[in-house]
Amino acid sequence: MSTDVVIRAGRAHASGDRSHRRPRPKRDPGRVLRLYVPLGLYLVFTLVPFYWMLVFAVRPAGSTTPVPWPITFEHFETVWNDIGYAVFFRNSVIVGVWSLLATTVLAVMGGYALSRYRFRGRTLFMVVLLCTQFIPGAMLLIPLFTIFKTLGLINNLGSLIVADTVFNLPLSVILMSGFISAVPFTVEEAAMVDGCTRLRAFLAVVLPQLRPGLIAVGSFAFIHTWNNFLFALMFVSRQDSFTIPVGLSYTIGEYSADFGALAAGGVVAAVPVVCVFAVVQRYLVHGISAGAVKG
Amino acid sequence: MSSLRRRAVPYLLISPTVALIAAFLVYPIGSVAYYSLQNRNLTRPWADGFAGLENFRRMLFEDELFWQSLGFTAKWVVAEIGLQLLLGLALALIVNESFIGRGLARSLVFSPWAVSGVLTTGIWILLYTPGTGVLRFLGHPETAVLGNLDTVFPAVVVTELWRGVPFFAILLLAGLQGIPGELYEAAAVDGAGRVRRFRHVTLPHLRDAIVLATLLRSVWEFNNVDLLYTLTGGGPAQVTTTLPLYVAQRAIDSKDFGYGSALTMAGFVILLFFSLLYLRLSRFGEDR
C-alpha cells in the first residue's frame, strides 16, 4: 500500500506535465456538442452564483437590477466596521495561519518518516491516518468541547487552532510523504556523503524541491481551517472571538432582510480562499492523486 | 550516531502527529462511548449520572426524529453521491480533453470546491429568495423554495451539487491522468470507438478512483452539517435533518451531551457498517 503512494506520486507528476504536450486537436464539429456545450452550461451553473453575490454586494439597497452601475461600497463598510468583520477576519487569519504552520511542519516530519524510513508500526500508522478520514468532526463536537473545557480553551482561538490542525493532519502527512518520495533519495545521500548531517541535507537539498508540496499542503490546511464552521460555533461563543464562518452564519440569520450586508460578508469570506485557490489549483490534481486517491 | 538513536528517528518524527491524533481523535471516540451510557446535560448538571442503556432505549423506541433523520440521511447521501458521480465524471472527462483555455476552465469549474458550507448557504439564499433571486428569470418569481415541503429537497441537493461536484471531478481527473495514453492508441488501432474505449479502457482504470471518491464523498456528505445547519436548519418541519445535523443541534442548542453521544454512536455504527460493506462489495484494491 505504502510503496503504491510513492510510485503514484511520481507518476502523477510525470503525467501532469505530459498532458501539456498533447498534439493540438483536429477540427471536429462533434467536439462542439461533446465538449464546449456541456462545458459552457456547467460554467454558467458555477459562475452565476458567484456573480449574483457580487451583484448584491456592490448594488445600492433596494435596487434589483442584474447589472449594477454605479457600484457602491456601503455594504462593505457596514459589515467591516459595524457588524465586526474586521475582528472576525483577524481571528480567522490568526487561526488559519497558525494551523497552516503547525500542519505543514508536522506533515513534513511525519511525511519524511513515512517516505524515508522503514520502521515497525509504519503500516499501522498509515492505516490509522487513512481511517481518520472516516471520523466526522461534527460527531466529535461533544467530547472535544469537554476536552477543551478541561484545558480552559473554550472561547480561546487556541481550541480552534488545535482542532483544525488535528483534522488537517492525517491527509497532509499522506500527501507530504508522496511529495517527499518524489524527490530522489540519491540527492540527499550525495549531500550526506559530502559531510552534511541528515538534517542539513534535508534542509539544503530536499526542502527547496518540496516547494510544490509545501504550497499544496499549506493551502489545503489554510482553506479547511478558514472554512471550518462547527468547531468555531461550538467552542467560541464570545463575539470578539468569532471567525468568519460564524460571523457569516449570524449575518445569514439576523440580517436576512439586508442582502447587501450578507453578500458583502460573503465576499469578505471568499476573497482569501479564492486567492489561495488560485495559487493551489495547479497542484490540486496531482497533489490529490499523490495521496488521497491511492493511499 | 548510534544505531539505537538512528532507529528512534522515525518515531520521534511521527510522535507529535500520533500524540495529537490520540488525544483529539481516538480519546474523544472512546469518551463518546462512555457518555452515551451517562445522563449528561450541561443545562441540568444535577441530573448527571450513570444511565445504562436508557439513552439508547429512548433513541430507538421513543425518538421519531431519530428514525426520520436516518431516512433523510439515506435519501440525501444517495441523491448527492449519484448525481455528483455522474456530473463529476462528465466534468472530469471534459476538462481532461485538450482545448484552448483548459487551465482557466479547470480553475473556474473547480473553484466552488474552496467555498465553505456557510458561504455556500449565503450565496444560495441570495439566489433562492423570492422576488430578488434568480428564479424570477426562470418564471417562478414568488416560490420560497427553501420553505416549501415539495421544493426544499431539490433545492438543497442542487446547492450541495454546486460545491460537491468539483471535488469528485478533481479526484476523477487525477485518476484519468494516471491512465497511460498508449492504451487508448492501442484500442484505437484495434478499431474501438469512443464508447468502447470509455467502457474498456477508461472505466476499468478509474475503478479504484471511483470507489474511493464515492466512499469518501459518501462519508463526507453523511457528515455534512455546515450547509444544512445554516441553509435550512433542518427544516421545514425537520424534513432536512440528517443524523449528524441532529447530533450537532443536540450538542450546540440543547447541550444534551449524554443523548447526543448515543446518537453519535449510532452514526459511528452506520458509517462503519456501510464503509466495510462498500469496500467488500467493490473488492477495492484487488487485482482483477
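By convention here, each chain's residues receive numbers from 1 onward along its written sequence. Chains and ligands are labelled by the order in which they are written, letters from A for the one and numbers from 1 for the other. Given that the model is predicted, a residue must reach a pLDDT of at least 70 before its local features are reported, and side-chain atom pairs must reach 80 or more before they are shown or counted; all residues, however, enter totals for whole chains, interfaces and linings.

**What to know about the overall build of chain A**
In terms of regular secondary structure, chain A is built from 13 helices and 0 strands. Along chain A, helices and strands appear, N-terminal first, in the series α-α-α-α-α-α-α-α-α-α-α-α-α. Sorting the 295 residues of chain A into buried and exposed places 48% on the buried side. Two residues qualify as being in contact provided that their C-beta atoms, derived from the backbone, are within 7 Å of each other. Sequence separation of 24 or more characterises 80% of the internal contacts of chain A that already satisfy a separation of 6 or more. A run of H or I in DSSP counts as a helix once it spans at least four residues, and a run of E counts as a strand once it spans at least two, with each numbered from the N terminus. Each residue is classed by its C-beta neighbour count within 10 Å, where at least 20 other C-beta atoms makes it buried, 12 or fewer makes it exposed, and intermediate counts make it partly exposed; the C-beta atoms are placed from backbone geometry.

**Thoughts on the overall build of chain B**
Broken down by element type, chain B carries 11 helices and 2 strands. The order of α-helices and β-strands along chain B, N terminus first, is α-β-β-α-α-α-α-α-α-α-α-α-α. Overall, the C-alpha framework of chain B stretches about 75 × 75 × 35 Å when taken along its three principal axes. Taking all 288 residues of chain B together, 40% fall into the buried category.

**Examining the environment of B:Ala90**
Structurally, the position occupied by B:Ala90 is in helix α3 (residues 64-96). Separated by 79 residues in the primary sequence, B:Ala90 and B:Ala169 have C-alpha atoms spaced 8.0 Å apart.

**Digging into the packing of helix α6 (residues 152-177) of chain B against helix α8 (residues 194-222) of chain B**
Packed helices, taken two at a time, are described by their axes: the angle between them and the distance between them. Residue and element names in this part refer to chain B. All axes here are fitted lines through C-alpha atoms, helices being fitted over the stretch that makes contact, and every angle between N-to-C directions spans 0 to 180 degrees. Where α6 contacts α8, the two axes come as close as 9 Å, and the packing angle between them is 155°. As the angle between them shows, α6 and α8 are arranged roughly antiparallel. Viewed along their axes, α6 and α8 form a crossing whose handedness is right-handed. On α8, the residues touching Gly164, Phe167, Phe168, Leu171, Leu172, Ala174, Gly175 and Leu176 of α6 are Leu206, Ala209, Ile210, Ala213 and Arg217. If an angle is under 35 degrees, it is roughly parallel; if it is over 145, roughly antiparallel; if it lies from 65 to 115, roughly perpendicular; otherwise it is oblique. Should the near helix be turned anticlockwise from the far one by less than a right angle, the crossing is termed left-handed; should it be turned clockwise, right-handed.

**Description of the UniProt feature "transmembrane region" (unreviewed entry) in chain A**
All names here are of chain A. UniProt marks residues 32-54, 93-112, 124-147, 167-187, 199-223 and 259-280 with the feature "transmembrane region" (unreviewed entry), using the numbering shown here. Helix makes up 62% of residues 124-147 and strand makes up 0%, while its end C-alpha atoms are separated by 26 Å. Secondary structure over residues 199-223 splits into 96% helix and 0% strand, and the C-alpha atoms at its two ends are 30 Å apart. UniProt positions are given in the numbering used here, feature names are shortened, and annotations may be inferred rather than shown by experiment.

**Observations concerning the interface of chain B and chain A**
Listed per partner, the contact involves 73 residues of chain B and 79 residues of chain A. Here the side of chain B that touches chain A gets 15 residues from one element, more than from any other, and that element is helix α1 (residues 3-35) of chain B.

**Remarks on the nonpolar core**
By size, the foremost hydrophobic cluster in this structure holds 121 residues, and its most contacted members are A:Leu141, A:Leu230, A:Ala263, B:Leu126 and B:Ala248. Apart from the residues within four sequence positions on either side, B:Leu126 is in contact with A:Trp52, A:Met53, A:Phe56, A:Phe259, A:Leu262, A:Ala263 and B:Gly133. For this entry, the nonpolar core is defined as buried Ala, Val, Leu, Ile, Met, Phe, Trp, Tyr and Cys residues connected by C-beta atoms within 7 Å. By size, the runner-up hydrophobic cluster in this structure holds 24 residues, among which are B:Ile94, B:Val95, B:Val109 and B:Ile210.

**Examining the confidence of the model for chain B**
All names here are of chain B. Looking at chain B, pLDDT values average 85 and 95% of them are 70 or higher. How sure the predictor is of each residue is captured by pLDDT, a score from 0 to 100. Mean pLDDT values for the elements of chain B range from 78 in strand β2 (residues 49-50) up to 93 in α3. Both confidence scores are given for the complex: pTM 0.85, ipTM 0.86.

**Focus on unusual backbone geometry**
Unusually for a residue other than glycine, A:Asn155 sits at a positive phi of about 65°. Note that A:Asn155 resides in the loop between α6 (141-150) and α7 (157-181). A residue is classified by how many C-beta atoms lie within 10 Å of it, and A:Asn155, with 14 of them, is partly exposed. We note that B:Ala237 has phi near 55°; this positive angle belongs to a residue other than glycine. Position of B:Ala237 relative to the elements: it lies in the loop between α9 (226-231) and α10 (243-254). Of the residues examined, B:Ala237 has 10 C-beta atoms within 10 Å and is grouped as exposed.

**Looking at the environment of A:Val105**
Residue and element names in this part refer to chain A. Summarising the element assignment, Val105 is placed in helix α4 (residues 85-116). Residue class for Val105 comes out exposed when judged on the 12 C-beta atoms lying within 10 Å of it. Through-space distance from the C-alpha of Val105 to that of Pro60 is 46 Å; in sequence the pair is 45 residues apart.

**Describing α10(B)**
For α10(B), spanning 12 residues, the distance from its first C-alpha to its last is 15 Å, which sits close to the expected 16 Å at 1.5 Å a residue. The buried fraction of α10(B) is high, at 9 of 12 residues. Where the residues of α10(B) are buried, they touch α6 and α11 (230-235) of chain A together with α3, α8, α9 and α11 (257-281) of chain B. Phi for B:Lys255, located one or two positions after α10(B), is positive at around 55°. Any helix carries an expected span of 1.5 Å times its number of residues minus one.

**Quick look at the confidence of the model for chain A**
Residues and elements named next belong to chain A. In this model, chain A carries a mean pLDDT of 82, and residues with pLDDT of at least 70 account for 86%. At the level of individual helices and strands, chain A shows its lowest average pLDDT in helix α1 (residues 2-18), which scores 38, and its highest in α4, which scores 95. Taken as a whole, residues 1-21 scores under 50 in pLDDT and shows 41 contacts with residues more than four places along the chain or in a different chain. Predicted confidence for residues 291-295 stays below pLDDT 50, and this span has 20 contacts to residues more than four positions away or in other chains.

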